[in-house]
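Structural overview for review
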Amino acid sequence: MIFSTPFARVGVALACAVLTCAQAETLVPDVVVTSTRFAQDLTPLPQGVSVVTADQIRSSGAATVNQVLMTVLGVAGRQDFYGGGDYNLDLRGFGTTADSNQVVILDGIRLNEGDLGGTRLAGIPIEDVVRIEVLRGNGTVLYGEGATGGVIAITTKAGQGRARENQISAYGSVGSMRSSELRTNATLASEGFTLDLNGQSKSSHNHRDNFRSQFDGGGVTAQWSGETTRMGIRHSRDALSTGLPGSLSAAQYVQNPRQASTSTDHAQIKNNLNGLFLTTDLAGWSISLDAGWREKTLNSTNYVYDVDAQQMSVRAQKSFDVGTIKNTLSLGQDHGEWTRTAYGSQASQKSKALYLKNDLSPWQGTRVSAGLRTEKMDKLSGSTALQKTQNAWDLGVSQRLNTQWTGWARAGNSFRLANVDEFSYTNPNVAIRPQTSEDLEAGIRWADGSTRSELRAYRSALTDEIGFDPAARGGSGANINLAPTLRQGLEWDGDVRLNTQWAFGAHLAVRQSVFRSGAYSGKDVPLAPRHTLALRTEWTPAQKHRVFANINVVGVQHPDFANQCKMSSYTTLDARYAYQAKHVEYSLGAKNLLNHRFYTQAYGCSGGQTTSIYPEAGRVVNLAVRLHY
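Remember, it's a predicted structure, so these values are computed and weren't measured experimentally.

Secondary structure assignment for the protein yields 5 helices and 35 strands. Seen through its principal axes, the protein has C-alpha atoms that stretch 65 × 55 × 50 Å. Burial status across the protein gives 54% buried among its 629 residues. Residue pairs in contact within the protein that sit at least 24 positions apart in sequence constitute 63% of those at least 6 positions apart. Split by element, the accessible area of the protein, about 26600 Å² in all, is 57% carbon and sulfur. Within the protein, one finds 61 positive and 55 negative side-chain charges whose respective centroids are separated by 3 Å.

Printed below as a string of structure tokens:
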């Protein structure tokens with residue numbers, strides 16, 4: 001079993017090491033999370049949540065949200081096909097279908113696509129992001145279809161809803177591969193009105209032939225905040241132009257990982273996002289509304305399409321006492337529409353959902369949480385239609401053991417339907433059934449001053465998991481319901497600030513993603529690493545000087561169902577030095593400092609050799625200047 005592996009023992013040992021660290025010199029306030037759809041204290045929450053703060057984002061030197069999650073939290077990521085810095089993230093070992101099994105939220109708006117196109121995060125201006133929360137495990141009651149693996153909730157400066165002062169910042173950098181980047185941000189505030197502006201432009205030749213990219217984007221948010229009400233509108237757009245170098249065979253990768261297999265392929269991706277939001281208090285209820293309209297255009301050598309998507313969420317929460325029992329009731333409705341037009345044909349999906357979540361504290365230090373959701377989904381691709389109503393539930397309990405320790409456990413179910421690309425390409429006359437999962441999770445968290453730690457164990461037993469089998473349909477491949485699968489593992493988060501000079505962080509995940517039965521019984525699910533580890537160190541040797549280092553380890557994974565081919569584990573070291581001179585920060589950073597050769601993305605297996613390889617960059621050095629007033 002996974003809980004007896006050496007990695008599990010290492011995780012427990014590391015946790016114990018952090019838990020016995022010296023107490024901090026100063027206390028830190030309770031961690032408040034918003035990925036639960038209303039702000040609440042993390043301590044009594046019967047679910048794991050990992051938080052990345054604004055300071056951690058900045059100190060990491062990451063240029064995108066993807067890089068932050070991979071570097072700081074150790075989330076596994078696979079390079080996408082475009083040169084804009086996007087990665088396909090994988091919270092809990094779902095491999096090629098990870099994007100369809102986790103939800104991404106930006107300031108209350110769901111960003112997931114209705115096809116296999118992937119969720120683009122690299123276009124979100126990193127200078128504007130103040131917080132990233134990862135809701136670990138089943139988030140279906142709150143967020144609906146496709147949340148078995150978890151939820152990534154991103155909050156920007158404009159989205160956090162706090163009073164702010166006038167400020168302006170600018171960032172410029174140059175680096176390896178003839179890369180350059182410019183970012184600007186400004187906040188104008190007066191008598192409750194706030195205007196947030198951002199812009200960014202970056203270009204790079206990247207690390208392969210025919211991989212040059214140019215990205216430009218900008219956005220504006222205007223809002224007004226009163227005593228109990230906040231309302232506003234937002235608009236953003238971005239455009240990426242990039243070469244498409246294609247994949248390499250094993251021999252090509254060994255010979256020259258910089259080469260391209262497609263020397264002229266290219267793509268352009270454009271995104272427009274508009275939205276409005278409202279929060280207010282009414283008759284004791286906290287009420288929130290988020291609405292978004294999104295457009296995406298892809299124009300590539302091999303494919304052209306347009307996407308139009310609309311999302312609206314209305315939710316309300318009220319806290320009240322029933323005798324001596326404290327109770328908080330949350331209600332919500334989600335509505336989404338998504339349409340893709342390609343070569344004159346359309347694919348679409350619609351969803352409507354209602355959910356209820358109730359948290360009660362029958363006595364001091366105890367919380368019992370229960371939730372229900374019902375969701376109706378209508379999907380259409382050409383003449384093929386899919387209509388289903390699915391229900392989900394979860395039940396959790398947490399108990400404060402003393403002033404430092406809290407234990408929790410939860411159970412629930414989750415679901416997803418095939419997306420428009422999946423159910424339109426199946427075995428002849430074989431419909432894809434809904435994917436379902438029975439989810440169990442338990443954890444214990446500890447906090448004392450600036451030292452925090454949490455250890456989680458989880459188990460998700462999936463039935464009718466949806467995936468692409470290259471052996472189906474006579475060897476041409478098809479989307480099918482796979483044999484029963486299992487995701488289980490241990491996760492550990494630890495953060496400690498020893499003093500004003502030293503701070504450390506660690507995130508370890510040891511997991512099994514395997515088939516429970518069938519032809520591949522006991523085999524790993526393709527492209528699901530067995531373990532990940534992220535170690536973070538911050539050192540302040542003297543006033544105005546800061547040094548940061550991150551070590552990331554990603555374990556062995558397989559690109560094929562039979563596990564005949566292997567993608568080796570890899571370790572990377574990133575480092576950054578920063579000097580602060582009043583309003584100006586100068587920094588020198590290096591990604592993959594040891595120049596390790598590796599790849600995160602590969603799809604093929606031939607004669608025991610991994611093929612269809614997308615290499616990663618070697619050492620990348622970056623020199624930057626940031627001004628803030």
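A grouping of Ile168, Tyr586, Val625, Leu627 and Tyr629 is seen on the molecular surface, where their side chains present a nonpolar patch of about 450 Å² in accessible area. Classification of Leu627 by relative accessible area gives partly exposed; the value is 31%.

The strand order across the open sheet formed by 5 strands is E3-E8-E9-E6-E7, and the pairing between neighbours is mixed. Looking at which strands have only one partner, the edges of the open sheet turn out to be strand E3 (49-53) and strand E7 (109-110). The pairing of strand E8 (residues 129-136) with strand E9 (residues 150-156) spans 7 bridges and is classified as antiparallel. Residue pairing across strands places Val129 opposite Thr156, the latter belonging to E9. Each of E3, E8 and E9 is contacted by helix H3 (residues 65-72), which is oriented at about 55° to E8, the strand it contacts most.

As paired elements, strand E19 (residues 345-361) and strand E20 (residues 366-381) share 14 bridges and run antiparallel to each other. Within E20, the position partnered with Ala353 by the bridge is Glu375. Count of turn residues in the E19/E20 antiparallel hairpin: 4 residues, of which Gly365 carries a positive phi of about 85°. Bridge analysis of E20 against strand E21 (residues 384-400) gives 16 bridges, and the strand direction is antiparallel. Bridge pairing in E21 places Val368 opposite Val397. Counting the residues in the hairpin turn of E20 and E21 gives 2 residues, including Gly382, whose phi is positive at 65°.

Following the criterion strictly, the structure yields 37 salt bridges and no others. The shortest N-O distance in the salt bridge between Asp334 and Arg373 comes to 3.0 Å. Remark: Arg373 occurs in strand E20 and Asp334 occurs in strand E18 (residues 325-342); sequence separation between them is 39 residues. Given the relative accessible area of 11%, Asp334 is considered buried.

Along the polypeptide, Thr572 turns up in strand E31 (residues 570-581). Taking the relative accessible area as the measure of exposure, Thr572 reaches 10% and is therefore buried. Thr572 has contacts with Asn550, Ile551, Asn552, Asn592 and Phe598, leaving out every residue within four places of it along the chain.

Aromatic ring pairs: the centre-centre distance and the angle between the two ring planes describe each pair. The final tally for this structure, using the stated rule, is 12 aromatic pairs. With a centroid separation of 6.1 Å and an interplanar angle of 35°, the aromatic rings of Tyr303 and Tyr343 are classed as tilted. In this pair, Tyr303 sits in the loop between strand E16 (285-300) and strand E17 (304-322) while Tyr343 sits in the loop between E18 and E19, placing the two residues 40 residues apart along the sequence. Ring centres 5.5 Å apart and planes at 15° place the aromatic pair Trp502 and Trp539 in the stacked group. Residue Trp502 is located in strand E28 (residues 502-515), and its partner Trp539 is located in strand E29 (residues 531-542); the two are separated by 37 residues in the primary sequence. Linked through ring pairs, Phe81, Tyr603 and Tyr614 together constitute an aromatic cluster. One Lys or Arg, Arg487, reaches over the ring of Phe94 and ends 4.2 Å from the middle of that ring.

Let us look at the nonpolar core. Ranked by size, the top nonpolar core spans 25 residues in total, and within it Val65, Leu69, Ile132, Ile152 and Ile154 carry the most contacts. Residue assignment for this core shows that the elements contributing at least two residues are H3, strand E5 (87-90), strand E6 (103-106), E8 and E9. Here Ile154 is in contact with Val65, Val104, Ile105, Leu106, Asp107, Leu121, Ile124, Val129, Arg131 and Ile132, once residues within four sequence places are set aside.

Moving on: empty space enclosed by the protein. Summed over the entire model, instances satisfying the criterion amount to 10 cavities of 30 Å³ or more. For the largest cavity, the calculated volume is near 500 Å³. Lining the largest cavity are 31 residues, with Leu106, Gly123, Ile124, Ser236 and Leu273 sitting closest to its centre. Looking at the lining of the largest cavity, the elements that each hand over two or more residues are strand E12 (193-204), strand E13 (213-225), strand E14 (230-243), strand E15 (266-282) and E16. Among the residues making up the lining of the largest cavity, the classes are represented as 8 nonpolar, 14 polar and 9 charged. Taken as a whole, the second largest cavity encloses approximately 180 Å³ of empty space. Forming the boundary of the second largest cavity are 18 residues, of which Leu45, Leu142, Lys357, Asp359 and Ser369 lie nearest the centre. Listing elements by their share of the lining of the second largest cavity, those giving two or more residues are E19, E20, E21 and strand E22 (405-416). When residues in the lining of the second largest cavity are grouped by element, the largest group, 3 residues, is from E21.

Here we take up the side chain of Ser381. Its location among the elements puts Ser381 in strand E20. Leaving out residues up to four positions away in the same chain, Ser381 has contacts with Gln346, Ala347, Val420, Phe423 and Ser424.

Attention now moves to unusual backbone geometry. Residue Arg473 is not a glycine yet carries a positive backbone phi of 55°. Unusually for a residue other than glycine, Lys582 sits at a positive phi of about 55°.

Tracing the backbone shows Gln56 in helix H2 (residues 54-60). Excluding residues within four positions of it along the chain, Gln56 makes contact with Val51, Val72, Asp495 and Arg536.

Quick notes on the rules
Residues numbered from 1 in each chain as written. Predicted model: local features only at pLDDT ≥ 70, side-chain atom pairs only at ≥ 80, totals over all residues. Heavy atoms only, no water. Helix = DSSP H or I, 4+ residues; strand = E, 2+ residues; numbered from the N terminus. Buried < 20%, exposed > 50% of the residue type's maximum accessible area, 1.4 Å probe, protein only. Contact = heavy atoms within 4.5 Å. Areas by Shrake-Rupley, 256 points an atom, 1.4 Å probe, with all protein chains shown as cover. Lys, Arg positive; Asp, Glu negative; His and termini not counted. Charge placed at Lys NZ, Arg CZ, Asp CG, Glu CD. Patch = residues over 30% accessible without salt bridge, like charges linked within 9 Å, V, L, I, M, F, W, Y side chains within 5 Å. Salt bridge = Lys/Arg side-chain N within 4 Å of Asp/Glu carboxyl O. Pairing = 2+ DSSP bridges. Axes fitted to C-alpha atoms, helices over the stretch in contact; angles between N-to-C directions. Phe/Tyr/Trp six-rings, centres within 6.5 Å; stacked < 30°, edge-to-face > 60°. Lys NZ or Arg CZ within 6 Å of the ring centre and 35° of its normal. Core = buried A, V, L, I, M, F, W, Y, C linked by side-chain atoms within 4.5 Å. 1 Å grid on protein atoms, 1.4 Å probe; cavity = no way out; pocket = protein on both sides within 12 Å on 5 of 7 lines; lining within 4 Å. Points joined across faces, edges and corners; volume = space filled by probe spheres on them. Nonpolar A, V, L, I, M, F, W, Y, C, P; charged D, E, K, R; others polar.

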